[in-house]
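A look at the structure
Listed below are the residues making up each chain.
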Amino acid sequence: MVNPIKIGGVETFSTVDFPDKIAAVAFLQGCPWRCPFCHNAFLQNTSAADHFIWEKFVEFLKSRCGILDGVVFSGGEPLLQNGLAAAMAEVKALGFLIGLHTGGCRPKHLAEVLPLVDWVGFDVKAPFDREKYKTAVGGVDHLSEVQESLELLTSGSIDFECRTTCDPRILTIADIYKIAEELAARGVKKYFLQKYRPVESDKDSTDADCEHFFLDDKLSAYLRLQFPIFDIRR
């Protein structure tokens with residue numbers, strides 16, 4: 001049987017990838033973006049060999065029924081996988097909740113899988129400025145697709161959060177204000193800032209550079225006013 005999706009790695013037990021749930025995580029191979037702050041760069045290559053057999057992963061999940069609450073499809077970028085809906089449906093039939101981590105590069109595919117999904121973690125890389133977003137994702141212009149995907153979430157009923165990794169090489173505090181304004185105007189209720197941890201190639205960013213976003217009390221107060229649920233993830 002041909003694997004419906006290409007898996008680059010698996011986390012068998014996670015308490016941080018699906019809010020308030022215990023989950024297994026499937027990291028799907030392939031991503032159209034080259035975000036400078038990506039810690040999963042090994043997953044970017046779409047043509048990389050698939051070392052995981054889907055049927056064995058399903059057998060593992062069957063042994064965890066009643067132990068795990070859900071399964072998160074992460075990446076890479078899961079929406080690149082045309083077999084994602086089939087894989088999700090098989091997992092959901094076992095009784096698991098379905099989580100999805102995405103940057104929203106393929107809104108039509110997102111619309112296809114959303115009926116199967118219980119929660120989405122939506123990565124917002126930068127303010128919705130075309131050049132700024134291109135820089136944040138490594139030179140690809142997918143801003144329209146990102147905005148369309150976000151509209152699918154804000155106009156629907158599925159639980160979701162937006163989150164931004166605060167890479168000081170790309171973003172400023174002023175950028176965070178812009179992102180917050182844009183998300184709040186679209187009706188986003190949950191927003192999280194994530195601390196950037198320097199990738200191996202980044203020899204310049206200090207911990208103080210990475211931390212300064214979270215030491216600005218005015219910014220934190222503003223974000224707490226804009227979003228019913230806001231927090232910082234270090």
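In case you missed it, the structure is sitting above this.
From a predicted model like this one, the values you see are computed outputs, not experimental measurements. Throughout this description, residue numbers start from 1 for each chain and increase along the sequence as written. At least 70 in pLDDT is required for a residue's local features to be given in this predicted model, at least 80 for side-chain atom pairs to be given and counted, and no such filter applies to totals for whole chains, interfaces and linings, which use all residues. By convention in this description, side-chain values take in all heavy atoms of the structure and omit both hydrogens and water.

Here we take up the nonpolar core. Membership of the largest hydrophobic core comes to 66 residues, with the highest contact counts inside it found for F73, L100 and L183. In plain words, nonpolar cores are sets of buried Ala, Val, Leu, Ile, Met, Phe, Trp, Tyr and Cys residues tied together by side-chain atoms within 4.5 Å. Throughout this description, buried means an accessible area under 20% of the type-specific maximum (1.4 Å probe, protein chains only), exposed means over 50%, and partly exposed covers the range between. A23, V25, F27 and W119 belong to the second-largest nonpolar core, a separate cluster that totals seven residues.

Secondary structure elements are defined from DSSP: runs of H or I of at least 4 residues count as helices, runs of E of at least 2 residues count as strands, and each element is numbered from the N terminus. Burial in helix 8 (residues 217-226) covers these residues: L219, S220 and L223. Projected down its long axis, helix 8 shows its buried positions confined to an angular sector of 100°, all on one face. Counted as exposed and oriented over 90 degrees from the buried face of helix 8: D217, K218 and L225. Should any heavy atoms of two residues lie within 4.5 Å, those residues are counted as being in contact. Looking at the packing, one finds that the buried side of helix 8 touches helix 6 (173-185), strand 7 (190-195) and strand 8 (229-233). Picture the helix axis, draw a direction to every C-beta atom, and the arc is the one those directions span.

Note: most peptide bonds trans; most residues except glycine with negative phi. Omega for the bond connecting G75 with G76 falls within 30 degrees of zero, at 10°, which places this linkage in the cis form. Its location among the elements puts G76 in the loop between strand 3 (70-74) and helix 2 (84-93). At D20, a residue that is not glycine, the phi angle is positive and equals roughly 65°. Checked against the element boundaries, D20 lands in the loop between strand 1 (7-14) and strand 2 (23-28). On the basis of relative accessible area, D20 is assigned to the exposed category, the value being 79%.

All right, on to the sheet that holds strand 4 (residues 97-102) then. DSSP bridges decide pairing: two strands pair if at least two such bridges lie between them. Strand order in this open sheet of eight strands is 1-2-3-4-5-6-7-8, and the pairing throughout is mixed. Two strands lie at the open edges of the sheet, namely strand 1 and strand 8, each paired on one side alone. Neighbour-to-neighbour, the strand axes of this sheet turn through a mean angle of 20°, independent of strand direction. In this structure, strand 1 lies alongside strand 2, joined through five bridges in antiparallel fashion. Bridge pairing in strand 2 links E11 to V25. Seen against the sheet, helix 5 (residues 143-154) touches strand 5 (119-123) and strand 6 (159-166) and runs at an angle of roughly 150° to strand 5. Packed on one face of the sheet, helix 8 meets strand 7 and strand 8 and runs near 140° to strand 8. Axes here refer to lines fitted to C-alpha atoms; in helices the fit is confined to the stretch in contact. Angles between the N-to-C directions go from 0 to 180 degrees.

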